[in-house]
Amino acid sequence: MLFLDVDGPLIPLHGRAAMADPAAASAAEHYGNPLLARLDPADGPRLLSLGCDLVWATTWADDANAVLGPLLHLPPLPTVAWTGAGDAGPEHWKTQDLVAWAAGRPFVWVDDEIGPADRSWVARHHSAPALLHRVMGRTGLTQADFEAIRDWAG
């Protein structure tokens, strides 16, 4: 299973120039979010090629399927419902909910805000293999990120 954050990994915060994809540009205008133009429609097929069960792990919630999925050529994906369970700890607020969602299954978490506290918490509370893969939010997912995930998922 691959938990996928949006802002940073798929919508780079600084590095990737607006794509020449007309659908992304149109969506950016329609939804009033100019950052949508930074989506790379090729990321969807690259994610699907990893062979993981993809799950949205983002505050975009249902909008991830409605807005981003079509632009990335992704089918509707499950979306993690946030409980706020991790709001009080030093780990990222998503960490506990993702481990609960994984329910003992191996997973990859792709996010630009993963840190040492998350790795430590997952190691203590999740018995299956887990790859917490931090993406540089400035540039978004790169070929090296896809290769690292593919190598780990084997």
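Presented here is an overview of the structure given in this document. (Residues numbered from 1 in each chain as written. Predicted model: local features only at pLDDT ≥ 70, side-chain atom pairs only at ≥ 80, totals over all residues. Heavy atoms only, no water.)

## Observations regarding the overall build of the protein
Which entries qualify depends on this criterion: Under the scheme used here, helices are H or I runs from DSSP no shorter than 4 residues and strands are E runs no shorter than 2 residues, and both carry numbers assigned from the N terminus. Whether a residue is buried, partly exposed or exposed follows from its accessible area with a 1.4 Å probe, protein chains only, as a fraction of its type maximum: under 20%, in between, or over 50%, in that order. Any two residues whose heavy atoms approach within 4.5 Å at even a single point are treated as in contact. Each accessible area is a Shrake-Rupley result for a 1.4 Å probe, and residues are judged covered by the shown protein chains and nothing else.
A tally of regular secondary structure across the protein gives 6 helices and 4 strands. The helix and strand sequence of the protein, counted from the amino end, reads β-α-α-β-α-α-β-α-β-α. Residue burial in the protein is summarised as follows: out of 154 residues, 48% are buried. In the protein, the share of contacts with a sequence separation of at least 24, taken over all contacts with a separation of at least 6, comes to 58%. Carbon and sulfur atoms provide 56% of the accessible area of the protein, an area that totals close to 7,300 Å².

## Focus on the sheet that holds strand β1 (residues 2-4)
As a reminder of what qualifies: One requirement defines pairing of two strands: DSSP has to find at least two bridges between them. A fitted line through C-alpha atoms serves as each axis, taken over the contacting stretch for helices, and the angle formed by two N-to-C directions is quoted from 0 to 180°.
Strand order in the open sheet made by the 4 strands is β2-β1-β3-β4, with parallel pairing throughout. The sheet terminates laterally at β2 (54-56) and β4 (130-134), the two strands that pair on one side only. Sheet twist, expressed as the average angle between the axes of neighbouring strands with direction ignored, equals 20°. Where β1 lies against strand β3 (residues 107-111), 3 bridges are found, and the strand directions are parallel. When the bridges of β3 are listed, Phe3 appears paired with Trp109. Taken strand by strand, helix α4 (residues 95-102) contacts β1, β2 and β3, and its axis lies near 150° from that of β3. Across the sheet, helix α6 (residues 143-153) lies against β1, β3 and β4, angled at about 175° from β4, the strand it touches most.

## A closer look at the nonpolar core
Applied cut-off: Definition of nonpolar core: a set of buried residues of the types Ala, Val, Leu, Ile, Met, Phe, Trp, Tyr and Cys, connected through side-chain atoms within 4.5 Å.
Counting residues in hydrophobic clusters, the biggest one holds 27 residues, and the most contacted among them are Leu2, Leu10, Trp56 and Leu68. Going through the elements one at a time, β1, β2, α3 (62-72), β3 and α6 are the ones with two or more residues in this core. The element best represented in this core is α3, accounting for 5 residues. Counting residues in hydrophobic clusters, the runner-up holds 14 residues, among them Val80, Ile114, Trp121 and Val122.

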